[in-house]
Amino acid sequence: MRTIKRDAPILLEVNNLSTDFLVAGQEPAHALVDINFRLREGEVLGIVGESGCGKTTLMLSLMRLLPANGRITSGQINFMNNDLLDLSEREMGDVRWKNIAMIFQGAMNALNPVHTVGRQIAEAIIQHNYITDKKAVTDRVVELLELVGIGAERKDQYPHQYSGGMRQRAMIAMALACNPQVVIADEPTTALDVMIQAQILELLGTLRDKLGLSILFVTHDLGVVAEMCDTVLVMYGGVTAEYANVDTIFNAPQHPYTQELLRAFPDLTKPMEKLISIPGYPPRLNALPAGCRFAPRCPHAFGRCHVEAPPLHGVQDRHFASCHLVEPESNISPETPEFPGKSNEL
Amino acid sequence: MRQSRYLLKKIGWALLTVLIVILLNFFLFRILPGDPARAGIRDPRLTQDAVAAIRERFGLDKPVINCFESLNPVKFGSCGVNPLDTQLFIYVGNLLQGELGISYHTNRPVLDMLKEQLWNTVLLIGAAQILAIFFGMGLGILAAWRARTTIDYTALLASLTFWSLPTFWLGIILLFWGSNQFGLPTGGKATPGGNFATVWQEWADVGRHLLLPTLTYTIVFLGEYMLIMRSTLLDVLSEDYILTAKAKGLRTVQILKDHALQNAMLPMVTIIALNLGFTVAGAIQIETVFSWPGLGGAIFEAVGRKDYPMLQGAFLLIAVSVIFANLIADLLYSYLDPRVQAG
Amino acid sequence: MSDTAVSTTSIRGFWRSFRRSRMGLIGLFMFLVVVLMAVFAPAIAPYDPKEVVRVTIDDIYAAPSAEHWLGTDDAGRDVLSNFIYGSRVSLIVGFFASFISIFIGSFVGIVAGFYGGRAENILMRFTDIMLVIPDLPLAVVIVALTKPSLWNIIFVIGALGWTGSARLVRSQTLAVKQRKFVLRARSIGAGNMHIIRYHILPMVLPLIVVNTVLVISLAILNESTLSFLGLSDPTALSWGQMLNFAFTRGAMSARAWWALVMPGLGIVWAVLACTLLGQGLEQVLNPRLETHHLAVGVQMVDRGAEVQA
Amino acid sequence: MKKIVLKLWLFLWIAGLLVACGGGETDSADTDSSESADTSSETADSSDAEASSSDEPVVLRVGWAGSPDTLNPGTAVLTEAYTIFEVVYDSMYQLELDGTYSLELADSLDVSEDGLVYTYHIRDGITFHDGEPLTAEDVAFSYNLYASQEDFPFLPVYTEFFDTVEADDGNNLIITLTDAIPNIQSQLIYLYVLPEHIWGGLEGAAVAEFENEAMIGSGPFKMVEYAQNEFVRLEGVKDHYLQGPTIDEVVFQTFENQDALVQALRTGQVDMITEMPNTAVVSLRNEENIELVSGPPLAPSVTDIIFNQTAPENCPPDDGLCTGHPALQDRNVRLALAHATDKQQIIDVVLLGLGAPGLTLIPDSLGVFYNDSLEDYAYDSTLANQILDDAGYLDSDGDGIREMPDGSNPLNLRMNWPSDSTNAPRMAELLAGMWGEIGVGTQLQALDPDALTATCCPTFDFDVILWGWGSDPDPNFLLSVMLTDEIPTGNSETGYSNPTYDALYLQQAVELDQQARIDTIWEMQRIVHEDVVYIIPFYEQSVQAFRTDRFTGWQTDAGKIALEDPSSLLVVEPVR
């Protein structure tokens, strides 16, 4: 495992990001509440949680690609010291892909079936005037495909002519088209078989090292996290459960949810073993419990948990957890005086 | 390789369908009661000789097929007939030579009549379909893009209402409205014997005659195209690749143009081709209401007069056109959707 | 998607989701109006259309008056009463013809989808051919072979309108067939008929219901077309037949717009009711967000709005 | 040829097709408007499509609901075709609007003593539209063509009594008959004279399939342009040997939709319309610049209510089912039904008053042959009920429907009509109501015309049919319909049989004295009326309308109404 410099420059800083979904005739659903994190140059931040915990909403909020009923109600997304939330839609369009690119889950559907892969990659390059010369665009496409291990001759093929793994590689190539600073990878290995998964992860790892990418890695697979990430943000029901570096998360998890997740996580050496899952279901956004969102499933829950939502406590340096069981430390990370910010009330 | 096999398969299937349609067409009209001696002319005072002569002229003196003298009433005959000397064989043989028989009503070759009327209908349907597709799709795109807004609901309601209109009823109402308000002609394709200084004036005259029927037609079909376009575009716009395109920083119009429309056109192509068959019912009503000298009006008249050769020819023409249009649609589909060739 | 079908099995749940579709509600309202009008026709209609009336020339195409709110028709009969009673015939045609269509269509669709193989091949090829052949020659043939009566018309419309349903039901059957509980049922040795009866049909039924509503509207429209062609039964006074009388007996020439406009509006009303209702039902059974990646919604970044909660 | 007198009587169903338009141009001798020949230089009214400059041709536009089926006189059926033939071709006789005949192509006629040899002297100097002369040779050629062409379905019957037809050197046409007949005029009016130099080259099937779109004739108008189902455009022959038209052109335009036709007249798109729904009459009457005329139609037609009264012994052995209700064989029942039928009500509702109460199968438009001396059965339902009561048809089970005198077989009558008729359904409803008042039930059912033919005759598988006939100007065919001999042929619709009537028919067929023949025919009508063989509800009137701001001089005061007939087309002139 590789470590990044503690004080590498911060590329992306998310402060108190909250997102609502509006449903006609109902109270808005709070899909994200006060999310905070930092992404440094070259860092791989894993975002972990069950489906429906708000991972994807977080990614879409960062890109400002929320569906029509989504609304970002507070916070900042500081990218290289600009708040993306202050940009106009047009300016945001320029940031997308050029600075922050995204690898979607399920590349079959994320690629347009009626255009060739090459064309779809070239499209991004041309859009951002990364290269204007036609010939050069083609060369760049070939270069990108080769970078991810796809032969140049396949650039004129259609997505359906690619295998699942190849499509994901093509997706990665596309994401790299404009040399972005940040790549958001939204479950890039779901729906791929184990062998291919491993190949894709290896590819991402290589690219990170080679290109010095910062990656936001969204997954529900802790094995992948262990392999890929430097830091981990565990989400539950739209709030941060725990945020720390990967070793801390795996070795000294503070939040009961993280602990449960790790227990549910099958031993990598015995992949065929039955998956122990956490009893119960994640909360529905339109029926959130009153106190801690995890309380109904929490083995350690006590009275206060059901009435009062716990704020994000600093456990120690760069380790935060939102649980009443975690006593707040006095020395909060010096570089983020306001962090963890205001309490997580609901 | 794959593509040509796909093509061959489609063409083969189309030919088979044509064959089935020919047979169906033949037998359907043999099951019907009435022949020219009764249906077209309806005069029992015809001499026996005259009736025999008419039947002979229309080839009805021959057995329908082996073992069957006639199908209505069912009359069994000799099974030892030379199969080449049956109505079926003669019919198919004539078809192969491009002959569709002689109209009971006008005594003219059906093919000649169809040729005259076809172009008028093509002009009318063509103009109207282009307009309907253009405006229907435009409205559908607008509605889908602005889904769940007032624009969407208005367009949706309007389209559903258009779809619900009985064609001939709308035609009559527009006819009276147009002729009273704007003095538009109430029927025909052009002013007969009109003196036109230039070709343009002549075309303008045809245009004036074409206006109301085209409008009727367009309104009736516009709704359907709008609904289909809206619904397929909604599906397409919910696809992940649209999100990808947006994430790539493409502008909305670009996404619509490059990523949504081509995909949404796939079902449209099929629907437009299939619709060709349904346009016939519309053509019958509109051409009758506006006395437009086309295929539809001719079918309406042939139904009333029991002019079976004419009906037979018209329906064969329509069925073959629809099959052909579907073939084109399939090929176009394979062009628009690269996935098809593999499948 | 089809999981939601389970949640709609209870009437209340169904109603709750249906209520959300405004179009569906409007459609339901319009539909109920027609049905009530048809059911209570004798109570609503000011005159009995079957009653023998002595009319004079002045009664023919008489303009609307206190006595005849919507004027009279070419036989001097009250248009309003004919209109009200006409809803019965039109609805009967609509209902029964669509039942026939749906029955044939569902049968073909389920058999083709469930059994697959050669049966599917033959049935779907047949459906394709039917789809390609214009309906009209068949209508002409069947009507010419039989007496023009209401039931024959219903039969003709029903027998010609099933192709769309067949394709729809088939694809739904194909989807349901792959579902776990069907595979499970098969693995415990359930027979084909049992699976169709207890597993396939209940899952396909909601779709069939929606389709029925839409086919009703088609049937009503088709009946008016057949009436226009003079192929319908003149003694059964449907809206289509009223139109036909108005058309062939020169209502517009007589400036008697009411005799033509009313039945036409009736058809539009009923057909629109069915399509709207169908839209509403579809929204319940197959809820689509009706939103998409390019949808223009609320302002996406609206910091400060949070205090709402 | 055992058949009685074979004539072309195009017989047609009520609904659409009125056939065989006769008609004539005025006699050459007393042309009254010959000096108007130069009015063509006068300007037409400029209100609409017509341009006003003086060198513009004067075009009269006629709107009609149909279109000629074919321009080949040998195979044409529809009225519209005959209208065109009438103005483009000439024939030996012209039928005037008052029902009389005048010579057209010939200027004189000699008939032999025995009535077997007719010698017509063809006028000299007649030319076809292409400039070729028309001589007795052409006439002889035409008649022989009609007689010999077996693919011409109707016309051979007109030549049934021709033994030989020849032309001599003196431009005479000599027709030798096999039997003396009283009505050679009506035999010849539809035998249009065709140019031998065009038709002579055709052989076999080509004759019947000849489309004849160039239509070279010798009449007052010549063919310019023809588009089937669209229009017929004719040009006036100003130097016609009898009388040339004033107008330069006439255009017959087809409107398949009658409402559109009426609207076209209203908006001035056409100057005159020949077919329109009666319901349009009231509103057109109030219209400015439009005049409406009605009267007996040029082509006679009759609507009949047919009772199946076939006696068992007359049932055709081969085809007959004879399922008619037994009560209908009783004159009392038919009489009661006649008394229960309010003809004026039917005329008011079905025809909007545009008809005359019917009396016998021979319509009033047959002029002298029509027996108007008969007294009709008055509408009187009390009397009708009385008749049925007296005859023993009582409602024994109290269900409102009478039964046979023996208590069986309720008087429930099947009533059928052709499904393409627009009037019949309304008439059926009315009859059902009227007959219901005297305890006679009805089951209404429209039938496809072919199915109706199959039910009707000679199957006799019906009770009551509402149907109709078209007729030649001569009553011979309509009279033959009620002959005993016609029961198995399918021409008799009623199965009526009366030896006295049969004998009288044979008598009139050979009666050369016009008045004696008329007397016989009147007597025949009296017998049939007495026996209540049919109920004739009405004689329909022809309604036509024209714009008064465009053309004047229409013939509206003749015995019959046919504005599209040459009688009118030749004399109308544009309004100045």
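Described in the following lines is the structure provided in the data block. This one's a predicted model, so the numbers in the text were calculated from it and none came from an experiment.

This part is about the interface of chain D and chain C. Interfaces are often sized by the accessible area lost when the parts come together. Counting residues at the interface gives 33 residues for chain D, matched by 27 residues for chain C. Buried surface at the junction of chain D and chain C, both sides included, amounts to about 2,600 Å², of which 53% is carbon and sulfur. Three residues stand out in chain D for area buried against chain C, namely D:Asp259, D:Thr279 and D:Arg426, and they jointly supply 24% of the buried area on that side. One can count 4 salt bridges joining chain D with chain C. Note that C:Arg255 and D:Glu287 form a salt bridge whose closest N and O atoms lie 4.0 Å from each other. On the surface where chain D and chain C come into contact, there are 10 residue pairs in polar contact (both at pLDDT 80 or more). When contributions to the side of chain D that touches chain C are tallied by element, the ones reaching two or more residues are α6 (258–266), α9 (343–351), α11 (424–436) and β16 (441–447) of chain D.

The terminal C-alpha atoms of helix α13 (residues 257–285) of chain C lie 41 Å apart, and with 29 residues this matches the ideal 42 Å at 1.5 Å per residue to within 8%. Across the 29 residues that make up α13(C), a large majority, 23, are buried.

Residues and elements named next belong to chain D. Scanning all chains against the criterion turns up 3 disulfides over all chains. Linked covalently through their sulfurs, Cys315 and Cys322 form a disulfide whose S-S length is 2.0 Å. Given an S-S torsion of about 100°, the disulfide between Cys315 and Cys322 has right-handed geometry. Judged by relative accessible area, which is 22%, Cys322 ranks as partly exposed. There is a disulfide in this structure between Cys456 and Cys457, and the S-S distance comes to 1.9 Å. The sign of the S-S torsion, about 45°, decides the handedness of the disulfide formed by Cys456 and Cys457: right-handed.

Bringing the packing of helix α4 (residues 110–145) of chain B against helix α10 (residues 295–305) of chain B into the picture now. Residue and element names in this part refer to chain B. Across the interface, α4 lies against α10 with an axial gap of 7 Å and an inter-helix angle of 130°. Taken together, the axes of α4 and α10 are oblique relative to one another. Across the interface between the two elements, Leu114, Gln117, Leu118 and Thr121 from α4 touch Leu295, Gly296 and Ala298 from α10. Its residues assigned to classes, the contact of α4 with α10 shows 4 nonpolar, 3 polar and no charged.

Turning our attention to the interface of chain C and chain B. Facing 50 residues of chain C, the contacting portion of chain B comprises 58 residues. Taken together, the two surfaces of chain C and chain B that pack against each other cover about 5,000 Å², and 79% of this comes from carbon and sulfur. Applying the counting criterion to the chain C and chain B interface returns 8 residue pairs in polar contact (both at pLDDT 80 or more). Looking at the side of chain C that touches chain B, the elements with two or more residues in it are α6 (117–132), α7 (135–145), α11 (192–228), α12 (239–248) and α13 of chain C.

All right, on to the sheet that holds strand β13 (residues 301–307) of chain D then. One key point about sheets: their strands pair by backbone hydrogen bonds, in either a parallel or an antiparallel sense. All names here are of chain D. Read from one edge to the other, the open sheet built from 5 strands follows the order β16-β15-β17-β13-β18, with strand pairing classed as mixed. Both edges of this open sheet fall to β16 and β18 (534–535), since each of them pairs with a single strand only. Bridge count for strand β15 (residues 412–418) against β16 is 7 bridges, and the pairing is parallel. When the sheet's bridge partners are listed, Trp417 is paired in β16 with Ala446. In the packing of helix α12 (residues 449–456) onto the sheet, the strands contacted are β15, β16 and β17 (464–470), and the crossing angle to β17 comes to about 110°.

Okay, the packing of aromatic side chains next. One pass over the structure, following the stated rule, counts 47 aromatic pairs over all chains. Ring pairing ties together the aromatic residues D:Tyr82, D:Phe85, D:Tyr89, D:Tyr158, D:Tyr190 and D:Tyr192, which thus form one cluster. Just above the ring of B:Trp13 sits the side chain of C:Arg125; from NZ or CZ to the centre is 4.1 Å.

Residue and element names in this part refer to chain D. Pro458 follows Cys457 through a cis peptide bond whose omega is 0°. Tracing the backbone shows Pro458 in the loop between α12 and β17. Here the phi dihedral of Cys322 falls at roughly 50°; this positive angle occurs in a residue that is not glycine. Here Cys322 is to be found in the loop between β13 and α8 (331–339).

Residues and elements named next belong to chain C. Positionally, Val210 belongs in helix α11. Linking Val210 and Met242, residues 32 residues apart in sequence, is a C-alpha distance of 29 Å. Not counting residues within four places of it along the chain, the set of residues in contact with Val210 comprises Gly278, Leu281, Glu282 and Leu285.

Here we come to the nonpolar core. All names here are of chain D. Judged by nonpolar contacts, the single largest core of 162 residues is most densely connected at Leu337, Leu431, Trp435, Val464 and Leu466. When residues of this core are assigned to domains, at least three map to each of domain 1 (32–88 + 219–297 + 542–574) and domain 3 (301–540). Sequence-distant contacts of Leu431, that is, excluding residues within four places in its chain, are made with Ile305, Thr341, Ile346, Met415, Gly436 and Leu466.

The next subject is the sheet that holds strand β10 (residues 239–245) of chain A. All names here are of chain A. Taking strand neighbours across the sheet as the criterion, the 8 strands line up as β6-β7-β8-β3-β9-β10-β12-β11 in an open arrangement whose pairing is mixed. Looking along the sheet, the strands with just one partner apiece sit at the ends: β6 (100–103) and β11 (313–316). Along the sheet, successive strands turn relative to each other by an average axial angle of 20°, direction set aside. By the bridge criterion, 2 bridges tie β10 to strand β12 (residues 319–321) in an arrangement that is antiparallel. Bridge pairing in β12 places Glu242 opposite Ala321. Most of the contacts of helix α1 (residues 55–63) go to strand β8 (residues 214–219), to which it runs at about 145°, and overall it touches β3 (44–48), β6, β7 (182–186), β8 and β9 (231–236).

Definitions and limits used
Residues numbered from 1 in each chain as written. Chains lettered and ligands numbered in written order. Predicted model: local features only at pLDDT ≥ 70, side-chain atom pairs only at ≥ 80, totals over all residues. Heavy atoms only, no water. Contact = heavy atoms within 4.5 Å. Buried area = accessible area lost by both parts, 1.4 Å probe. Salt bridge = Lys/Arg side-chain N within 4 Å of Asp/Glu carboxyl O. Polar contact = N/O pair within 3.5 Å; in protein donor to acceptor, adjacent residues only side chain to side chain. Helix = DSSP H or I, 4+ residues; strand = E, 2+ residues; numbered from the N terminus. Expected span 1.5 Å × (residues − 1). Buried < 20%, exposed > 50% of the residue type's maximum accessible area, 1.4 Å probe, protein only. Disulfide = S-S within 2.5 Å. Axes fitted to C-alpha atoms, helices over the stretch in contact; angles between N-to-C directions. Parallel < 35°, antiparallel > 145°, perpendicular 65-115°, else oblique. Nonpolar A, V, L, I, M, F, W, Y, C, P; charged D, E, K, R; others polar. Pairing = 2+ DSSP bridges. Phe/Tyr/Trp six-rings, centres within 6.5 Å; stacked < 30°, edge-to-face > 60°. Lys NZ or Arg CZ within 6 Å of the ring centre and 35° of its normal. Core = buried A, V, L, I, M, F, W, Y, C linked by side-chain atoms within 4.5 Å. Domains from an automatic or database assignment.

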